[in-house]
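Observations on the model geometry
Here is how the chains run, residue by residue.
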Amino acid sequence: MPQDTPKSTVEPTASRLSANAPQASCQVQASCQEGGHAVERVDVAIIGGGLVGASLGAALAELIEHSGLKVAVVEAAPMAPLAPSPQEAAPSAGEDDAWQPSFDARASAIAAGSAAHFSRLGVWSAMAAKASAISLIHVSEKGRLGATRLRADEMGVEALGYVVPNAWMGRVLHRRLAELPLDWHCPARVERIEPVAAGHRLWLSSGSVLEAGLTVLADGGRSGLKEALGIESDATPYDQVAMIANVAVGRPHQGVAYERFTRQGPMALLPLPGQAMELVWTHEKGSEQRRLALSDRAFLEELQAAFGDRAGAFVKVGQRHVYPLSLVTARETTRPGLAVLGNAAHALHPVAGQGFNLALRGVIDLVEAIEQGLEAGQAPGSAATLAAFERRRETDQRNVVRFSDGLIRLFGIDQPLLSHARAAGLIGLNLAGPLRRGLARRAMGSER
């Protein structure tokens, strides 16, 4: 794996190959025409260059550079020009608008296990430049005395996890991809996809035609490609929305992340640099409109009343964003020549911050299955390789979905006896060291 140090970068362009790239042991050169365009044959086509797709590209780096794996990335949003290494020239606040438009205003809670994965991929030291460490996770229910505290020092680690702005993560990952001899199609959309004997054929809005042995849908499930392929999803709307904003607090947060359950839904505060925190405030669908219309001062007053004083006084709020919440799981995540990752495979409630960490584990599991398959003479899109990937993912995904959905349903029941039982459970969990440490290991991503 590459070392976690900054490297020189070059600008990625469509169909660029490094002059020093090794001869591909897997690739087959374009050899036919489709509607006047040469069909470009690749081993892996990644549809979506956002956080999940870019992480997959970075995770495939060793196979690209040393085994000649031919990889293409298709991303619909134009990518901003890349400045020098992020460690040399961290963007100022005014540069935010130049970051990849497919990344929204949110930050992601990166489990310690995910940070370790990024370190092995050679990108964590750059990401860490904008990361805020989580030293303690405080879980409570409004109106009840019970609380659970998960501590990094009790686990013998530097941090339980980190909070990293999505735009910064994407920028670091794109710099890593810019160093690799892979083919960029950006901006371009997949306008048509069809299974063929060798995998799938993709017709792009740019006019290019790809034929991929393995096509990976990492587009967030928004492109319609799953539906075009007949992949159905199970969707459970929560009738809730998440209101997300950065807030400033009047005292240092000391790396504490808060998860607070209320009658409307969970509230979370995640530590950001300085005395800033990211607020994730769940609202019943429709009730958020009134708070969106409030002045900053009135909003902060209501936030203070709802959250209490545990984090100190809220003194400033940034722009407020709203996102609908639902549980969506694809009924199929693999087919011959096809894998589905990230939100295209599973969109979760943000409670406990498990969504991206689950997606990143899926990326690592897929790459490990591809590596082992190649060693056994199997192509990346072979049925055997994808079956191995599915076995790795199935239990992990099922457990995380049940855990996050179960929390929402458990704390969403407004019944006095159950409320008392939840409070007792939080107190008991806080007092029971082995149980609390087990929960912490799961939060850190060190235990599935």
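Because the structure is a prediction, the values reported are computed rather than measured.

1. What to know about the sheet that holds strand E4 (residues 107–111)
With antiparallel pairing, the three strands of this open sheet are ordered in space as E4-E8-E5. The outermost strands of the open sheet, each flanked by one partner alone, are E4 and strand E5 (132–134). Averaged over all pairs of adjacent strands, the angle between strand axes in this sheet comes to 30°, irrespective of strand direction. Where E5 lies against strand E8 (residues 161–165), three bridges are found, and the strand directions are antiparallel. Across the sheet, Ala133 pairs through a bridge with Tyr162, a residue of E8. Of the strands in this sheet, E4 and E8 touch helix H3 (residues 112–120), which is tilted by about 90° from E4.

2. Here we look at the packing of helix H1 (residues 51–59) against helix H10 (residues 355–375)
The packing of two helices is summarised by the inter-axis angle and the distance between the axes. Their axes nearest at 10 Å, the elements H1 and H10 cross at an angle of 30°. As far as their axial angle goes, H10 and H1 are roughly parallel. For the pair H1 and H10, the crossing hand works out as right-handed. On H10, the residues touching Leu51, Val52, Ser55, Leu56 and Ala59 of H1 are Phe356, Ala359, Leu360, Val363, Ile364, Leu366 and Val367. Here the residues of the contact of H1 with H10 sort into eleven nonpolar, one polar and no charged.

3. Quick word on the packing of aromatic side chains
All told, the structure shown has five aromatic pairs when counted by the stated rule. Feature note: the residues Tyr258, Phe307 and Phe314 constitute an aromatic cluster, connected by ring pairs. One Lys or Arg, Lys130, reaches over the ring of Trp168 and ends 5.7 Å from the middle of that ring. When the ring centre of Trp203 is taken as origin, the NZ or CZ atom of Arg192, which lies over that ring, is 3.9 Å away.

4. Details of the confidence of the model for the protein chain
When pLDDT is low, close inspection of the predicted coordinates is not appropriate. Averaged over every residue, the pLDDT of the protein chain is 79; residues scoring 70 or more account for 74%. Here residues 1–31 is a poorly scored stretch, pLDDT under 50, and it has 72 contacts once near neighbours within four places are set aside; other chains count. Counting contacts from residues 410–440, a segment whose pLDDT is below 50, to residues more than four positions away or on other chains yields 44 contacts.

5. As for unusual backbone geometry
Note that the residue after Cys186, namely Pro187, is joined by a cis bond; omega there is 0°. Along the chain, the position of Pro187 falls in the loop between strand E9 (183–185) and strand E10 (190–196).

Rules and cut-offs
- Residues numbered from 1 in each chain as written.
- Predicted model: local features only at pLDDT ≥ 70, side-chain atom pairs only at ≥ 80, totals over all residues.
- Heavy atoms only, no water.
- Pairing = 2+ DSSP bridges.
- Helix = DSSP H or I, 4+ residues; strand = E, 2+ residues; numbered from the N terminus.
- Axes fitted to C-alpha atoms, helices over the stretch in contact; angles between N-to-C directions.
- Contact = heavy atoms within 4.5 Å.
- Parallel < 35°, antiparallel > 145°, perpendicular 65-115°, else oblique.
- Left-handed = near helix turned anticlockwise from the far one by under 90°.
- Nonpolar A, V, L, I, M, F, W, Y, C, P; charged D, E, K, R; others polar.
- Phe/Tyr/Trp six-rings, centres within 6.5 Å; stacked < 30°, edge-to-face > 60°.
- Lys NZ or Arg CZ within 6 Å of the ring centre and 35° of its normal.
- pLDDT = per-residue confidence, 0-100.

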